[in-house]
Amino acid sequence: MSRIGNKIVTIPAGVEVKQDGQFVTVKGPKGELNYTINPEITMHMDGTEVSFTRAAEDKKHRALHGTTTANFSNMVEGVTNGFSKTLKMVGVGYRAAKSGSKLTLSVGYSHPVDFEDREGLTVEVPDALTIKISGISKQAVGDFAAEVRAIRPPEPYKGKGIRYEGEVVRRKEGKTGK
């Protein structure tokens, strides 16, 4: 039994949900998101409540049931409040700068690393060691944040690198001297 899949998603005021077969559009104050539901999952709208049912009880359908409900819930949350991730840079000489639509990172390489802004995402640099990524799609925000972090992930000996805010890096002991 999928506990996530059986949850009922409540649609807040100001959010409009349209279903055209398996294609779902969620429109809210922050924007619009689209999603295609798997044909084996059925969506039921009942006023301000949306629920999903599955065609069978095998493992594949149970997994799809929970995933579809979670994705739809994230769409509703995204067009209402939006999502954001904050990255912190730790290391001597590490810097982030934003000029126009380009994010430039100086993270100890011989060259700066540049990222172009993505459609639907807002990238802010409040200070030289902090990057804030926000948008309405949870997947797009998480993907871009993971790409930026992958440039210099935190290492376990000195803790240098780019990490998510609140991420705990397990530290290791270095070599022992004579």
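Residues numbered from 1 in each chain as written. Predicted model: local features only at pLDDT ≥ 70, side-chain atom pairs only at ≥ 80, totals over all residues. Heavy atoms only, no water.

- The name recorded for the chain in an unreviewed UniProt entry is Large ribosomal subunit protein uL6, from Fructobacillus cardui.
- As recorded by UniProt, the Sequence similarities (unreviewed entry) comment attached to the chain reads in full: "Belongs to the universal ribosomal protein uL6 family."
- Taken from UniProt, the Subunit (unreviewed entry) comment for the chain reads in full: "Part of the 50S ribosomal subunit." (UniProt positions renumbered as here; feature names shortened; annotations may be inferred.)

Focus: the pairing of strand S8 (residues 95-99)
- With five bridges connecting them, S8 and strand S9 (residues 102-106) associate as antiparallel partners. Within the sheet, the bridge partner assigned to Ala96 lies in S9 and is Leu105.
- Connecting the antiparallel pair S8 and S9 is a turn made up of two residues, with Gly100 showing a positive phi of about 70°. (Pairing = 2+ DSSP bridges. Helix = DSSP H or I, 4+ residues; strand = E, 2+ residues; numbered from the N terminus.)

Overview of helix H2 (residues 138-151)
- Here H2 contains 14 residues, and its C-alpha end-to-end distance of 21 Å stays within 8% of the 20 Å for a straight helix at 1.5 Å per residue.
- The set of residues buried in H2 consists of Val141, Gly142, Phe144, Ala145 and Val148. Seen from one end, H2 has its buried residues packed into an arc of 165°, which puts them on one side. With respect to the buried face of H2, the exposed residues turned more than 90 degrees away are Gln139 and Ala150.
- On the buried face of H2, the contacting elements are strand S7 (83-90), S9, strand S10 (113-116), strand S11 (121-127), strand S12 (130-135) and strand S13 (161-164). (Expected span 1.5 Å × (residues − 1). Buried < 20%, exposed > 50% of the residue type's maximum accessible area, 1.4 Å probe, protein only. Arc of directions from axis to C-beta. Contact = heavy atoms within 4.5 Å.)

Some thoughts on the packing of aromatic side chains
- Overall, the coordinates contain two aromatic pairs when judged by the stated rule.
- Taken together, a centroid distance of 5.5 Å and an interplanar angle of 70° make the contact between Phe52 and Phe72 edge-to-face. Highlighted residues: Phe52 in strand S6 (residues 49-54) and Phe72 in helix H1 (residues 59-80), separated in sequence by 20 residues.
- Classification of Phe52 as buried rests on a relative accessible area of 4%.
- On the accessibility criterion, Phe72 (1% relative accessible area) is buried.
- For the cation-ring pair, Arg152 lies above Tyr109, with the distance from its terminal atom to the ring centre recorded as 4.3 Å. (Phe/Tyr/Trp six-rings, centres within 6.5 Å; stacked < 30°, edge-to-face > 60°. Lys NZ or Arg CZ within 6 Å of the ring centre and 35° of its normal.)

Digging into the sheet that holds S10
- In spatial order, the strands read S8-S9-S10; together these three strands make up an open sheet with antiparallel pairing. Each end of this open sheet is capped by a strand with a single partner; those strands are S8 and S10. Put simply, the sheet's adjacent strands are angled 20° from each other on average, direction ignored.
- Docked against the sheet, H2 engages S9 and S10, running at close to 170° with respect to S10. (Axes fitted to C-alpha atoms, helices over the stretch in contact; angles between N-to-C directions.)

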